[in-house]
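# Coordinate inspection notes
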Amino acid sequence: MKKYLYALLLVFTAVTGFYFFYSWSLLPPGERFIYQIDDPYIHMAIAKNFALNGVWSINSGGFDSASSSILYTLLLTSLIKLFGIWEYYPLVINVICGYLAIYTVYRYFKDFYGAAELKWAIALLLPFSLLYAMVLISMEHTVHMFLMVLAIYFIHKNVESNFQTKDFIKLLTVVFFVSIVRFESMFFTASLAFAMFLRKDFAKGILVMVAGFSAIVIFGIISEIHGGYFFPNSVMIKGSLPSGNNIVENVVTLVKKGIFLNTSFYKCLFFPFVILIVYLTGKYRSKKINLFFKNETLMITIVSMSIIHSLFAFLKYRYENYVMISVLMVVIPVISAFFKRFNEEKRKLNIANVVMLFSLVMITVFSLYRFQFMHKPSMVSSKNIYEQQVEMSRFLGKYYRGQKVAANDIGAISYYSGVQLFDIVGLGSTQVAKFKMENKKLPRKVFDEKYRDFLINYTAKNNFVIAVIYPEWFPGKTPASWIPVASWKIQDNKAAAIDRVVFYALETEQVKPLQQNLMKFDLNKNVEQWFYVLK
């Protein structure tokens, strides 16, 4: 069986290594590796400030809960405390957790199934889950995926041992760490507790909820004490809860947007769910429901978690991949069992078998689609981030260190530049997050007008000197008092939200210094700089 482990490790190493070295090769000779999205620098900025100044913020003072992961940021903080500042801790953590995830997948199928399942894992794991791509962006998603695979292993083991105490304690430990790696893990905790209640193991279900929610509650209380929200700003702003007051309408909206009208649901989960439905219908058609609840705790947990995630979170960009690897772990044994029975039946083509075969073809197609979709970004994203975010941070660090700057893509700027940063989107600035939450029920036009006025007044009152933003992200037209001085545009963009950023002077006396600083700056030659004609 070891040959399957070596094959998994080889495929993972080859694919991850190829994209790592290729993306690095596109940077100027001698340049350090740059992460493929801007967000890891947010975690590192918070970790650095927490380690050095004791503040949970992208800035060196205050409290702004911009991190989407308690565990990841604390892990980075610990490494900075122990070994000093180094920008590659996220990469090291992700590489280690990537290999741990591969090994745990191998152990799961080796311990509970066999060679057939391992062959399917070799074929589908990387394109279906995009584990290699998560390693390269170096966020907390790889840690999340590893912990979910570990949780699946221990749920299966607990079902086999009927939740013996020693096995259940191991599961609770994993549940605790899963819960603090990302806030979507609440979906997993709730789903596992629900599955335990269906088994009528009420005490164990309550213990799952305690293990899975206690750290989140403690963090939420600390956050509120320091003037933040119970959940991080990113969760509050990006969450997809309907804003209406009618409960029935809200539920209908959630289901419609999260599942029926959600194209990502059909790409990611529809056909795996079809396979599971056909399998369960055939297996439990003439059996009591209690037997299903007892035997299929793992499947109930993962399917419930996936549905809740579809309703309340994103099934794209990267947020779905803990769901994808979990669903794959559940579906592979079903696929393997189907082909064993299909061959024993001499490949009889009844309706159920046709549906299973078609669904497997579609899973393969969408896996290849996901792999192809990530191909170009995995090659050029480091270059994009280097030419936009890192160049912005280098410019601001050289000419505006310690000064007040407004921006809307805050990662590299907050980590490298040393400016006092105001995030007009609100992920890194609680003042903006509070404004958005307090006014989110307003009609869109009214909201944008108030949001615009809020940003203008706040930056003026607090003496911000310049802004570096995507004009498209500003609510309505940028104000006349914000004087555009120059823009930077990158080519072949796959990673930055928009390919063009604009530098604004927020005071008339800042126009000339900003213009001169931009002219003096040794900007990357691949970036197109364009100066506005000032009247």
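Computed from a predicted model, the values in this text were never measured in an experiment.

Successive residues of a regular strand alternate their side chains across the two faces of the sheet. As defined by bridge partners, strand β4 (residues 483-489) adjoins strand β5 (residues 500-505) across six bridges and the pair is classed as antiparallel. Bridged to Ser487 within β5 is Val502. Relative to strand β6 (residues 528-531), β4 runs antiparallel, the two sharing four bridges. If you follow Trp488 over to β6, its bridge partner there is Gln529.

Here we come to helix α2 (residues 39-53). The end-to-end C-alpha distance of α2 is 21 Å, a good match for the 21 Å that 15 residues give at a rise of 1.5 Å each. Among the residues making up α2, those that are buried are Pro40, Tyr41, Ile42, His43, Met44, Ala45, Ile46, Ala47, Lys48, Asn49 and Ala51. Summarising the contacts, the buried residues of α2 are in contact with α3 (70-83), α4 (89-112), α6 (131-137), α17 (351-399) and α18 (411-417). The first or second residue beyond α2 is Gly54, which carries a positive phi of 70 degrees.

Summarising the element assignment, Glu140 is placed in the loop between α6 and α7 (141-161). Residues within four places of Glu140 in sequence aside, it is in contact with His43, Ser68, Ser69, Tyr72, Val181 and Arg182.

Moving on, we get to the environment of Leu172. Here Leu172 is to be found in helix α8 (residues 165-181). Note: C-alpha distance between Leu172 and Ile155 (17 residues apart in sequence) is 9.9 Å.

Glancing now at helix α12 (residues 247-260). Given a rise of 1.5 Å per residue, 14 residues ought to cover 20 Å, and the 19 Å separating the end C-alpha atoms of α12 matches this to within 8%. Here α12 has its buried residues at Asn250, Leu254, Gly258 and Ile259. All buried residues of α12 project into a common sector of 115 degrees when viewed along the axis, lining one side. Away from its buried face, by an angle of more than 90 degrees, α12 presents the exposed residues Val248, Glu249, Lys257 and Phe260.

As a further point, take the pattern of salt bridges. Tallying each qualifying case throughout the model produces 15 salt bridges. Of the charged contacts in the structure, one is a salt bridge between Arg182 and Glu184, with a shortest N-O distance of 2.8 Å. The pair formed by Arg182 and Glu184 is uniform in burial state, with each residue classed as buried. If you follow the salt bridges from partner to partner, you end up with Glu31, Arg32 and Glu87 in one network.

Now for the packing of helix α1 (residues 2-25) against helix α5 (residues 115-129). Interaxial distance between α1 and α5 falls to 10 Å at its minimum, and their mutual angle equals 0 degrees. It follows that α1 is roughly parallel to α5 by the angle criterion. Counted together, Tyr4, Ala7, Leu8, Val11, Phe12 and Val15 of α1 and Ala115, Leu118, Lys119, Ala121, Ile122, Leu125 and Leu126 of α5 form the full contact between these two elements. Each residue belonging to the contact of α1 with α5 can be placed in one class, and the counts come to 12 nonpolar, no polar and one charged.

Turning next to the sheet that holds β5. Taken together, six strands build an open sheet; the order of strands is β2-β1-β3-β5-β4-β6 and the sheet is mixed. Bordering the open sheet on either side are β2 (420-423) and β6, each of which pairs with just one other strand. Adjacent strand axes in the sheet meet at a mean angle of 20 degrees, parallel and antiparallel pairs treated alike. Across four bridges, strand β3 (residues 466-469) lies against β5 in antiparallel orientation. Within β5, the residue paired with Val468 across the bridge is Phe503. Seen against the sheet, helix α21 (residues 511-520) touches β3, β4, β5 and β6 and runs at an angle of roughly 20 degrees to β4.

Turning our attention to the nonpolar core. Taken as a class, soluble globular proteins show a tendency for nonpolar side chains to be buried jointly. Counting residues in each nonpolar core, the largest one holds 166 residues, and the members touching the most others are Phe395, Tyr400 and Trp488. Element by element, the count of residues in this core is highest for α17, at 15 residues. Contacts of Tyr400, omitting those with residues within four sequence positions, involve Phe395, Val405, Val419, Val465, Ile466, Gln510, Pro513, Leu514 and Asn517. Core analysis: the second largest hydrophobic core is formed by 21 residues, Ala406, Phe447, Phe464 and Val502 among them.

Attention now goes to unusual backbone geometry. The phi angle at Ser138 is positive, at roughly 60 degrees, despite the residue not being glycine. Counting through the fold element by element, Ser138 comes out in the loop between α6 and α7. The backbone of Asn162 shows a phi angle near 60 degrees, a positive value even though the residue is not glycine. Within the secondary structure, Asn162 sits in the loop between α7 and α8. What makes Asn162 partly exposed here is its relative accessible area of 48%.

Each value, and the rule that gives it
- Residues numbered from 1 in each chain as written.
- Predicted model: local features only at pLDDT ≥ 70, side-chain atom pairs only at ≥ 80, totals over all residues.
- Heavy atoms only, no water.
- Pairing = 2+ DSSP bridges.
- Helix = DSSP H or I, 4+ residues; strand = E, 2+ residues; numbered from the N terminus.
- Expected span 1.5 Å × (residues − 1).
- Buried < 20%, exposed > 50% of the residue type's maximum accessible area, 1.4 Å probe, protein only.
- Contact = heavy atoms within 4.5 Å.
- Arc of directions from axis to C-beta.
- Salt bridge = Lys/Arg side-chain N within 4 Å of Asp/Glu carboxyl O.
- Axes fitted to C-alpha atoms, helices over the stretch in contact; angles between N-to-C directions.
- Parallel < 35°, antiparallel > 145°, perpendicular 65-115°, else oblique.
- Nonpolar A, V, L, I, M, F, W, Y, C, P; charged D, E, K, R; others polar.
- Core = buried A, V, L, I, M, F, W, Y, C linked by side-chain atoms within 4.5 Å.

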